[in-house]
Amino acid sequence: MKFQYFAHTADIRMKVEGNSFKELMVAGVLGMANILKEDICDTEDSFDIKSNIALKATDPTCLLIDFLSEVLSHSYLEKSIYCKVIFIKLTATDVIADIYGKKTIGFDEEIKAVTYHEAEVVKTRGNTWETFIIFDI
Amino acid sequence: MKINKQDIIKKEDFLWEIPQTFRPQMLVPARVIASETLLDAIMEDRSLVQLVNVASLPGLIGASLVMPDVHEGYGFPIGGVAATLYPNGAISPGGIGYDINCGVRLLTSQQNAEEIKFKLEELSKEMYAQIPSGMGKGGQINLNPKEMDEVLTKGAEWAVDNGYADKEDLAYMESNGRLDNADPAMVSEMAKKRGSDQLGTIGSGNHFVEVDYVDEIYDPIAAEAYGLSKGQVVVLIHTGSRGLGHQVATDYIREIMAAMPNYGIKVPDRELACVPFNSQEGENYFKAMCAAANFAWCNREIISWEVRKAWKNVFGADVDPLKLMYDVAHNIAKIETHQVDGEKLKVLVHRKGATRAFGPGFEDLPKEYKHIGQPVIIPGSMGTSSYILAGANRSEKISFGSCCHGAGRKLSRTAAKKQVNAPVLKEKLKEIGIYVQAGSFKGIAEEAPIAYKDVDEVVETIQNSGIAKKVAKLRPMAVVKG
């Protein structure tokens, strides 16, 4: 599971990869957390807050983007950054998950939105899952 | 899809066209307002591909357009204008953007640059203390649910009613700082909660509060009408609807994308998701967008209150008050009447990174500006000039009464960070009399002048295209960033 950032004229382009769709979803959450506050998820410690997300979407790409958008909304609402996801249910179009976050005073960067632009979840020939995600900054 | 120079026809000096025949899905031509030098630069990213995609939206009329400050966005290009036939043409949240009613306003002082230069450092620190960035921290005001609904309904008027501003300010805002179609019931609880502590906050990215002085006057009559004089100190404020607007856009893009099949609409990019304006989903979004726009106007009004407070703290309680010259939106959709192919039509104009620029005679202007045209405020970048223009009637003919909104980015944030040593830049700016207060050095590097196009060339192109005329040039003295 990994995330990498690439250049975009005004925003942030991130590539996420995982050995499964589940890993891809987690990579997306961690990559986004790292934009909000660099390295915040690098340390394994206790979490201050737990939130629940339940979503349905038309396809895996929409499910990933909508899931990240929900995580982002909770981040702003709770002034927390989410680093851990426990999936209760995950299919290609349906997710129920508990997310665990750390309270923080201020973010490094403000993400306005997780966009659908360029997002396309694909399973590669090497059996890994990947997509690009553009964050509106 | 690749667009080559030979695909583009020169219609006039500073007006270029990709004909409708370029791609079968295009309903109208795609047009670019730019000098040839800027056009060549624009072709380096995917702005024009995105512009061509926009030309295929249902109900689009005239042409899809971009301004000289255009750059690649996510779906719609930033710096674009798209008008659809009212009431059954498309409304697309992506054509407005996530930061609904991101905009800019200018406050004028009665002081000149020489008078305040010895207090600049103190002023920039005081402004930084008074104006929260709000990035995960919140601002000075906490709205309860009733107050939130009032802000969403009344816009800047809420700030007046609650003692944060004088009523006089309202006359100097686009739409008087309030869109009457707003309906708070169309805004999600999540959006309202996110916005509840964000009034009076600027956010991060390219948002700022900046103290400038008037460096040059190009049109003395227009400058006098706008209350501008050489050497005068002014304040620019650039921000939008914060988390509330971001959430409204997120909510409705998701909803509208799901509804598109019901209307047989397919788009080449999910971020272009749209529905007919007069559909239930379209009307609901428009009402929510108007509410978020009202939140943004109220936000800029509260920030003005914070700036005015900082001003008094530094210059004394007796200092002449800062007066609002004008406030313009550059991420918005509005129902307007325009001439299209010789016919007067009611249209929905999407402006994403584009400023309304109506010429002389327009009814919605303060009486002292009516013979001049609408003020258009073009911020440059930290360390470069900004401009005040006056909208001209030619904008009605070629750009649905619209103009550019800034210099336009040319470097990615990543590239800017690689090329700019932020602490050194901050010191260099200080040496030339520009004080920068920012939340991080990363933010300074990302927004460095090198990351932006040459604003002088962008504005010169606008002037030569005839859609607006230069009134005054501003130079920065102090910049506050999130």
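Predicted model, so just to flag it, every value in this text is computed and none were measured.

About the criteria used
- Residues numbered from 1 in each chain as written.
- Chains lettered and ligands numbered in written order.
- Predicted model: local features only at pLDDT ≥ 70, side-chain atom pairs only at ≥ 80, totals over all residues.
- Heavy atoms only, no water.
- UniProt positions renumbered as here; feature names shortened; annotations may be inferred.
- Helix = DSSP H or I, 4+ residues; strand = E, 2+ residues; numbered from the N terminus.
- Contact = heavy atoms within 4.5 Å.
- Polar contact = N/O pair within 3.5 Å; in protein donor to acceptor, adjacent residues only side chain to side chain.
- Salt bridge = Lys/Arg side-chain N within 4 Å of Asp/Glu carboxyl O.
- Buried < 20%, exposed > 50% of the residue type's maximum accessible area, 1.4 Å probe, protein only.
- Axes fitted to C-alpha atoms, helices over the stretch in contact; angles between N-to-C directions.
- Parallel < 35°, antiparallel > 145°, perpendicular 65-115°, else oblique.
- Left-handed = near helix turned anticlockwise from the far one by under 90°.
- Nonpolar A, V, L, I, M, F, W, Y, C, P; charged D, E, K, R; others polar.
- Buried area = accessible area lost by both parts, 1.4 Å probe.
- Pairing = 2+ DSSP bridges.

A look at the UniProt feature "binding site: Mn(2+) 2" (unreviewed entry) in chain B
All names here are of chain B.
Okay, step 1: Those residues carrying the UniProt feature "binding site: Mn(2+) 2" (unreviewed entry) are His238 and His330 in this numbering. Sequence-wise these annotated residues cover 93 residues; spatially they are packed, their C-alpha atoms never more than 10.2 Å apart.
Okay, step 2: Within the secondary structure layout, His238 lies in strand β9 (residues 232-239).
Okay, step 3: With sequence-adjacent residues up to four places away left out, His238 is seen in contact with Cys102, Gly103, Val104, Asn206, His207, Phe208 and His330.
Okay, step 4: Within the structure, His238 has its side chain in polar contact with the backbone oxygen of Asn206 (distance 3.1 Å).
Okay, step 5: Mapped onto the secondary structure, His330 falls in the loop between β11 (323-329) and β12 (331-340).
Okay, step 6: Ignoring any residue separated from it by four or fewer positions in sequence, one finds His330 in contact with Cys102, Gly103, Val104, His238, Arg351, Lys352, Gly353, Ala354, Thr355 and His405.

What to know about the pattern of salt bridges
Okay, step 1: Applying the stated criterion to the full structure yields 47 salt bridges over all chains.
Okay, step 2: Between Lys2(A) and Glu17(A) there is a salt bridge, and its shortest N-O distance comes to 3.7 Å. Here Lys2(A), found in strand β1 (residues 2-6), pairs with Glu17(A), found in strand β2 (residues 12-18); they are 15 residues apart in sequence, far enough to count as distant.
Okay, step 3: Take Lys2(A): its relative accessible area is 44%, and that puts it in the partly exposed class.
Okay, step 4: A residue is classified by how much of its surface remains accessible, and Glu17(A), at 16% relative accessible area, is buried.
Okay, step 5: Its salt-bridge partner being Asp180(B), residue Arg178(B) comes within 3.2 Å of it at the nearest N-O pair.
Okay, step 6: Classification of Arg178(B) by relative accessible area gives partly exposed; the value is 26%.
Okay, step 7: Each of Glu109(A), Arg409(B), Arg413(B), Lys417(B), Lys442(B), Glu446(B) and Glu447(B) takes part in salt bridges that share partners, so that together they form one network.

A closer look at the packing of helix α4 (residues 120-130) of chain B against helix α10 (residues 280-315) of chain B
Each packed pair of helices is defined by two parameters, the angle between the axes and the distance between the axes.
Residues and elements named next belong to chain B.
Okay, step 1: Contact geometry for α4 and α10: axes closest at 9 Å, N-to-C directions at 140°. Between α4 and α10, the crossing angle belongs to the class labelled oblique. Between α4 and α10 the crossing geometry is right-handed. Where α4 abuts α10, its residues Glu122, Leu123, Glu126, Met127 and Gln130 lie against Glu306, Val307, Lys309, Ala310, Trp311, Asn313, Val314 and Phe315.
Okay, step 2: For the contact of α4 with α10, the class distribution of residues is seven nonpolar, two polar and four charged.

Section: the side chain of His8(A)
Okay, step 1: Note on placement: His8(A) falls in the loop between β1 and β2.
Okay, step 2: Polar side-chain contacts of His8(A) include one of 3.1 Å to the backbone nitrogen of Asp11(A).
Okay, step 3: Looking at His8(A), its side chain comes within polar contact range of the main-chain oxygen of Gly73(B), at 3.3 Å.

Quick look at the interface of chain A and chain B
Okay, step 1: Contact residues are listed per partner, giving 36 residues for chain A and 41 residues for chain B.
Okay, step 2: The contact between chain A and chain B buries some 3,200 Å² in all, and 53% of this surface belongs to carbon and sulfur atoms.
Okay, step 3: On the surface where chain A and chain B come into contact, there are nine salt bridges.
Okay, step 4: Between Arg13(A) and Glu72(B) there is a salt bridge whose closest N-O contact spans 3.7 Å.

Overview of helix α2 (residues 47-54) of chain B
Residue and element names in this part refer to chain B.
Okay, step 1: Counting buried positions along α2 yields eight of eight residues, so the element is predominantly enclosed.
Okay, step 2: Taken together, the buried positions of α2 are occupied by Ser47, Leu48, Val49, Gln50, Leu51, Val52, Asn53 and Val54.
Okay, step 3: Its buried side turned inward, α2 meets β2 (15-18), β3 (30-33), α1 (36-42), β4 (64-74) and β5 (76-85).

Considerations on the sheet that holds β5(B)
Residue and element names in this part refer to chain B.
Okay, step 1: The seven strands are arranged β1-β2-β3-β4-β5-β13-β12 in an open sheet whose pairing can be described as mixed. Both edges of this open sheet fall to β1 (9-12) and β12, since each of them pairs with a single strand only. Averaged over all adjacent pairs, the angle separating strand axes in this sheet is 40°, with direction ignored.
Okay, step 2: Sheet analysis places β2 next to β3, joined by four bridges and oriented antiparallel.

Notes on the UniProt feature "domain: Archease" (unreviewed entry) in chain A
Okay, step 1: Mapped onto this structure's residue numbering, the UniProt feature "domain: Archease" (unreviewed entry) falls at residues 3-137 of chain A.
Okay, step 2: The annotated region residues 3-137 of chain A carries 26% helix and 39% strand content, and the separation between its end C-alpha atoms amounts to 18 Å.

Details of the UniProt feature "binding site: Mn(2+) 1" (unreviewed entry) in chain B
Okay, step 1: Feature annotation in UniProt assigns "binding site: Mn(2+) 1" (unreviewed entry) to the following positions: Asp99(B) and His207(B). What stands out for the annotated residues spanning 109 residues is how close their C-alpha atoms remain, the widest pair being 11.1 Å apart.
Okay, step 2: With respect to the helices and strands, the residue Asp99(B) is situated in the loop between β6 (90-91) and β7 (103-112).
Okay, step 3: Since its relative accessible area comes to 2%, Asp99(B) is described here as buried.
Okay, step 4: Setting aside chain neighbours within four positions, we find Asp99(B) in contact with Lys112(A), His207(B), Gly240(B), Ser241(B), Arg242(B), His246(B) and Asn331(B).
Okay, step 5: The contacts of His207(B), once residues within four sequence positions are left out, are Lys112(A), Asp99(B), Cys102(B), Ile202(B), His238(B), Thr239(B), Gly240(B), Lys481(B) and Gly482(B).
Okay, step 6: Here Asp99(B) takes part through its side chain, which lies 3.2 Å from a polar atom of the side chain of His207(B).

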